[in-house]
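These are the residues of each chain, in order.
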Amino acid sequence: MKTFIKNILLAIVFTVSVVVFCSCSDDNDNGSTPVVRYVRSINAEASDSIITKAYLGAAIAIIGDNLAGVKEIWFNDQKAKINPVYITDNSILVSIPNDIPSEVTDKIRLVTASGAETLFDFGVDVPTPVLNSLKCEYVADGDIAVINGDFFLEPKVFFNGNMPAEIVSFTKTQIRVKVPAGAKAGPVTVESMYGSTRSKFSFRDNNVQTPTTIFITDFEETSWNAWGLSAFATAGGVTGTYMAMEGSVGSWSWPANSLQFYYNNTTATRQPIVSEGKIEELALRFEAYSHEWSDVPLLIWFSNQQYVHNVDGSDAQAHWKPYLTNGVKSNYTTEGWITVTIPLTDFKYSKDESEEKRSITGLNELVDLHAMFFGSADDANVGKAIKVWIDNMRIVKYK
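What counts and what doesn't
- Every chain is numbered independently, its residues counted from 1 as its sequence is written.
- Confidence filtering applies because this is a predicted model: local features only for residues at pLDDT of at least 70, side-chain atom pairs given and counted only at 80 or more, and all residues used for totals across whole chains, interfaces and linings.
- Side-chain figures throughout are based on the complete set of non-hydrogen atoms in the structure, without hydrogens or water.
- We count a stretch as a helix when DSSP gives it H or I for four or more residues in a row; a strand needs E for two or more, and each element gets its number in order from the N terminus.
- Per-residue accessibility, obtained with a 1.4 Å probe over protein chains only, is compared with the maximum for each type, and a residue is labelled buried under 20%, exposed over 50%, and partly exposed between these values.
- The contact definition used throughout considers only heavy atoms, calling two residues in contact when any of these lie within 4.5 Å.
- The protein chains shown are the only cover counted for residues, whose accessible areas, like all others here, come from Shrake-Rupley with a 1.4 Å probe.
- At least two DSSP bridges between two strands are needed for those strands to be called paired.
- Angles here are taken between N-to-C directions and fall from 0 to 180 degrees, while the axes themselves are lines fitted to C-alpha atoms, restricted in helices to the stretch in contact.
- Between Lys or Arg on one side and Asp or Glu on the other, a salt bridge is scored when a side-chain nitrogen of the former is within 4 Å of a carboxyl oxygen of the latter.
- Only rings of Phe, Tyr and Trp enter the pairing, Trp through its six-membered ring, and a pair is recorded when the two centres are within 6.5 Å. The plane angle decides the type: under 30 degrees is stacked, over 60 is edge-to-face, the rest tilted.

Draft legend 1. A look at the overall build of the chain. Counting secondary structure elements, the chain contains 1 helix and 27 strands. Here the chain holds 399 residues, and 44% of them are scored as buried. Contacts in the chain between residues at least 24 apart in sequence constitute 71% of all its contacts with a sequence separation of at least 6. For the chain, the exposed surface amounts to about 19,900 Å²; the carbon and sulfur share of it is 51%.

Draft legend 2. Quick look at the sheet that holds strand E22 (residues 317–320). Read from one edge to the other, the open sheet built from 4 strands follows the order E19-E26-E21-E22, with strand pairing classed as antiparallel. The open sheet terminates on both sides in strands that have one partner only, identified here as strand E19 (260–263) and E22. Along the sheet, successive strands turn relative to each other by an average axial angle of 15°, direction set aside. As paired elements, E19 and strand E26 (residues 368–373) share 4 bridges and run antiparallel to each other. Residue tyrosine 263 lies in a different strand from E26, and its bridge partner there is leucine 369.

Draft legend 3. Structural detail: the pattern of salt bridges. Applying the stated rule across the entire model yields 19 salt bridges. Across the salt bridge formed by lysine 178 and glutamate 166, the nearest N and O atoms sit 3.9 Å from each other. One end of the pair, lysine 178, is in strand E14 (residues 174–178); the other, glutamate 166, is in strand E13 (residues 163–170), and 12 residues separate them in sequence. Taking the relative accessible area as the measure of exposure, lysine 178 reaches 34% and is therefore partly exposed. The class for glutamate 166 is partly exposed, based on a relative accessible area of 47%. One salt bridge in this structure joins aspartate 312 and lysine 351, with 2.7 Å as the shortest N-O distance. With aspartate 312 in the loop between strand E21 (298–303) and E22 and lysine 351 in the loop between strand E25 (338–343) and E26, this pair connects stretches of sequence that are 39 residues apart.

Draft legend 4. Molecular detail of the sheet that holds strand E8 (residues 117–121). Here we have 4 strands laid out as an open sheet, ordered E5-E4-E7-E8, and antiparallel in their pairing. At either margin of the open sheet sits one strand with a lone partner, and together these are strand E5 (78–79) and E8. Across 5 bridges, the pairing between strand E4 (residues 70–75) and strand E7 (residues 107–112) is antiparallel. Within E7, the position partnered with tryptophan 74 by the bridge is arginine 109.

Draft legend 5. Broad picture of the packing of aromatic side chains. What the rule picks out here adds up to 18 aromatic pairs. On the basis of an interplanar angle of 70° and a centroid distance of 5.4 Å, the ring pair of tyrosine 289 and tryptophan 389 is categorised as edge-to-face. Taken together, the residues span a long stretch of sequence, with tyrosine 289 in strand E20 (residues 282–292) and tryptophan 389 in strand E27 (residues 385–397) at a distance of 100 residues. By relative accessible area, tryptophan 389 is classed as buried at 10%.

Draft legend 6. Expanded view of unusual backbone geometry. Positive phi is not limited to glycine here, since asparagine 326 has a value of about 50°. If you trace the backbone, asparagine 326 turns up in the loop between strand E23 (324–325) and strand E24 (328–329). The phi dihedral of asparagine 392 falls on the positive side, at around 55°, and the residue is not glycine. Checked against the element boundaries, asparagine 392 lands in strand E27.

So this is what it looks like as structure tokens:
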């Protein structure tokens with residue numbers, strides 16, 4: 001038995017020694033000049049294809065000899081981040097830096113710890129503009145719209161109908177543009193020196209699912225003021241009347257009327273708000289302006305039970321709580337109106353989140369809409385102000 005254990009220990013020591021020796025060997029720069037034979041994609045479906053150029057941010061495999069000693073990799077004049085785990089004597093896995101080069105050499109430059117260098121012909125392409133979102137999709141003519149995305153290089157912006165807009169300022173990831181007079185609803189196009197891109201999102205979003213157009217604004221309708229819930233205002237709004245949800249934080253206490261709303265669909269046939277589309281492709285979207293909000297989520301749910309406003313019911317809820325970041329609460333302010341998108345697949349909770357497997361299963365459930373600030377609050381936040389304005393409730397096809 002002792003001999004058996006001794007043999008196992010010896011085997012373990014030997015194995016560890018081999019691993020350490022190999023690791024040290026891989027890390028040892030023997031002064032050899034790196035040799036690059038070719039570059040390929042790391043995507044499985046294209047891993048056997050040799051490539052001579054790739055886009056910023058792309059992950060590639062450099063194949064060759066004497067690569068173990070490489071300590072720096074440059075694409076044009078941009079230094080890449082490298083991980084020794086992905087370096088062997090015959091290959092290196094690395095991502096091309098996302099920064100735009102100031103000097104274009106169309107070369108990869110490998111540098112070892114001892115100073116040996118190798119140049120290899122390889123081009124880096126800059127993508128066409130990437131358009132992620134509008135900070136707020138409803139902006140008045142002459143006001144500033146903010147477009148978020150990437151690769152905005154000397155951009156030009158055009159609203160629907162090829163209507164040019166004045167650029168106020170821009171960075172690589174954001175454009176501030178003055179909305180032209182007479183701007184039409186629809187997608188926005190951004191051009192750069194590397195091409196143009198048409199947005200999937202819509203300015204003054206008209207991508208609503210029929211017949212949601214009757215649902216989108218005009219909060220003065222009695223349907224939006226069932227039982228006197230919610231309050232309304234116009235000053236500082238984006239499209240006229242908006243819901244002014246203002247009050248104070250409670251902890252599991254029924255909120256004041258101004259901190260909840262109930263859209264009571266009073267159509268004779270009580271048709272669903274949405275008549276077409278797949279749940280997984282639809283989202284509730286609205287504009288919001290948060291002045292103060294540091295605790296208690298906004299619980300939102302749909303129902304198909306007229307004259308029932310029941311937060312304890314079985315309907316799937318979405319819990320909007322943007323004041324929470326990595327588990328830490330802070331005062332959430334938006335510095336103006338923003339557009340908020342909540343996918344219908346995010347409607348999955350019960351009131352206290354003890355159930356997370358609820359779901360909206362069909363359009364027939366989307367008849368009435370409810371919301372209230374309700375839930376557990378930290379003692380220090382009870383009594384603090386909530387001031388959140390909401391406008392343009394709508395359901396859209398967002399993907």
